[in-house]
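Structural description and commentary
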Amino acid sequence: MAGRRLGQHFLIRKSILERIAAAACPEASPESDATVVEIGPGKGALTEHLLARAARVIAIEVDQVLVHYLQQKFRDNPKLTIVGADVLKVDLAQWGPVTIAGNLPYYITSPIFERVLSIGPLLQNAVFLVQKEVAARVAASPGSRDYGYLTVQTRLMGEPKYLFDVPPTAFHPPPKVDSAVVQLTPRAEVPVPDRQAFLEFAGICFRHKRKTLRNNLIENYDKTLIDSLPEVGKRAEQLSLEQFIDLHQRILKG
Ligand code: SAM
């Protein structure tokens, strides 16, 4: 029961494990200096593939039974650090520039994304196995059904890419949903001066998805100002990241 509660579906198909590790650490070599933070290592299936490609792996696992199992399994491997903790309580910026990867526990995908993206320029690469619908939302284009707050939040930090689908049969036990792997290639610089303020603004724009931007924005901003902006008759899902940034700037200037 505890396992199901913690989203424990272990990936068992080797070819998929290797594809995820290769996306996370494309330049595998004995001289690699990549540090990879793995979220939810479980029994260490992906960890093994990451260890073969990275200089150092830091694996964060909340289940103490699995932490103990991992400590035994990898006791002779000096490249691995096991952190027995809830990933939502760990400071992911403490290891300097990192790649972050994992077969995520699906019940906390959004807060994990939030924490991963908040380390800003320290994030070098990110590769996650997530629920297929989440992968579609992360990588969606403006105007499509899947485009939403998660897309804008992700694009603010980098270029998302939908890599490939993973069927339930690749896991033990098989999850009830389809899965997919997404990658995020971070930007050198975040394109807004205040990330948190921009995300709050984007959150307001998407508050009621079916409403126009105008009807969402007048709940928080001056009505006359909002009515003077040409694009507010559109819905949030129609705006690209650049258009959101531009709109936010104009509203801030008043
Ligand atoms: N990566 C492994 C694999 O592919 O075989 C297991 C992935 S399983 C979907 C999710 C893992 O995340 C489980 O090992 C679970 O115990 C762990 N987990 C769940 N919640 C967590 C949390 N808050 N912090 C860290 N790990 C967590």
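Read on for a plain summary of the structure. (Residues numbered from 1 in each chain as written. Predicted model: local features only at pLDDT ≥ 70, side-chain atom pairs only at ≥ 80, totals over all residues. Heavy atoms only, no water.)

Moving on, we come to the pairing of strand 9 (residues 179-186). Among the eight residues that make up strand 9, six are buried, leaving the element largely enclosed by the rest of the structure. Here strand 6 (residues 123-131) pairs with strand 9 via six bridges, running antiparallel. Bridge pairing in strand 9 places Val 130 opposite Ala 180. Across eight bridges, strand 7 (residues 158-166) lies against strand 9 in antiparallel orientation. By the bridge assignment, Lys 161 is partnered in strand 9 with Gln 183. (Buried < 20%, exposed > 50% of the residue type's maximum accessible area, 1.4 Å probe, protein only. Helix = DSSP H or I, 4+ residues; strand = E, 2+ residues; numbered from the N terminus. Pairing = 2+ DSSP bridges.)

Considering the arrangement of structural elements, one finds Gly 203 in helix 8 (residues 195-205). Judged by its relative accessible area of 28%, Gly 203 is partly exposed. As for Gly 203 and Arg 214, which are separated by 11 residues in sequence, their C-alpha atoms are 14 Å apart.

Bringing the pairing of strand 4 (residues 80-84) into the picture now. As paired elements, strand 3 (residues 56-61) and strand 4 share five bridges and run parallel to each other. Note that in strand 4 the partner of Ile 58 across the bridge is Thr 81. Taking the sense of rotation as the criterion, the β-α-β connection linking strand 3, helix 4 (residues 64-73) and strand 4 turns out right-handed. (Right-handed = clockwise from strand over helix to strand, strands pointing away.)

Let us now look at the sheet that holds strand 4. The pairing of strands in a sheet comes from backbone hydrogen bonds and takes either a parallel or an antiparallel form. Spatially, 4-3-2-5-6-9-7 is the arrangement adopted by the seven strands of the open sheet, whose pairing is mixed. Each edge of the open sheet carries a strand with a single partner, namely strand 4 and strand 7. The mean inter-strand angle of the sheet, taken between neighbouring strand axes irrespective of direction, is 20°. With respect to the sheet, helix 2 (residues 14-24) is in contact with strand 5 (98-103), strand 6, strand 7 and strand 9, its orientation differing from that of strand 6 by roughly 155°. Across the sheet, helix 5 (residues 109-117) is in contact with strand 2 (35-39), strand 5, strand 6 and strand 9; its angle to strand 6 comes to roughly 175°. (Axes fitted to C-alpha atoms, helices over the stretch in contact; angles between N-to-C directions. Contact = heavy atoms within 4.5 Å.)

Our next topic: the site of the ligand. In the vicinity of the ligand, 23 residues are found, and the nearest of them are Gln 8, Gly 40, Glu 61, Asp 86 and Asn 103. The contact in question runs from an oxygen atom of the ligand to an N or O atom on the side chain of Asn 103, over 2.8 Å. Here Tyr 107 contributes a side-chain N or O atom positioned 2.9 Å from a nitrogen atom of the ligand. Within the complex, 98% of the 590 Å² of free accessible area of the ligand lies under protein. Where the shell around the ligand is concerned, the elements lending two or more residues are strand 1 (10-11) and strand 3. (Near = heavy atom within 4 Å. Polar contact = N/O pair within 3.5 Å; in protein donor to acceptor, adjacent residues only side chain to side chain. Areas by Shrake-Rupley, 256 points an atom, 1.4 Å probe, with all protein chains shown as cover.)

Once that is clear, we can look at the side chain of Thr 35. Tracing the backbone shows Thr 35 in strand 2. With a relative accessible area of 14%, Thr 35 lands in the buried category. Each residue touching Thr 35, except ones within four places of it in the same chain, is listed here: Arg 56, Ile 58, Pro 97, Val 98 and Thr 99.

Among the residues of helix 4, those classed as buried are Leu 66, Val 67 and Leu 70. Relative to the axis of helix 4, the buried residues are bounded by an arc of 105° and lie together on one face. On its buried side, helix 4 packs onto strand 1, strand 3 and strand 4. Regarding helix 4, its N-cap is Asp 63, as a side-chain oxygen of that residue lies 2.9 Å from the backbone nitrogen of Val 65 further along. (Arc of directions from axis to C-beta.)

Right, let's talk about the pattern of salt bridges for a bit. Taken as a whole, this structure holds 12 salt bridges when the rule is applied. Note that Arg 207 is salt-bridged to Glu 219, the shortest N-O span being 2.6 Å. Linking Arg 207 in the loop between helix 8 and helix 9 (213-217) with Glu 219 in the loop between helix 9 and helix 10 (223-227), this pair joins segments that are 12 residues apart in sequence. Through salt bridges with shared partners, a single network forms among Arg 207, Lys 211 and Glu 219. (Salt bridge = Lys/Arg side-chain N within 4 Å of Asp/Glu carboxyl O.)

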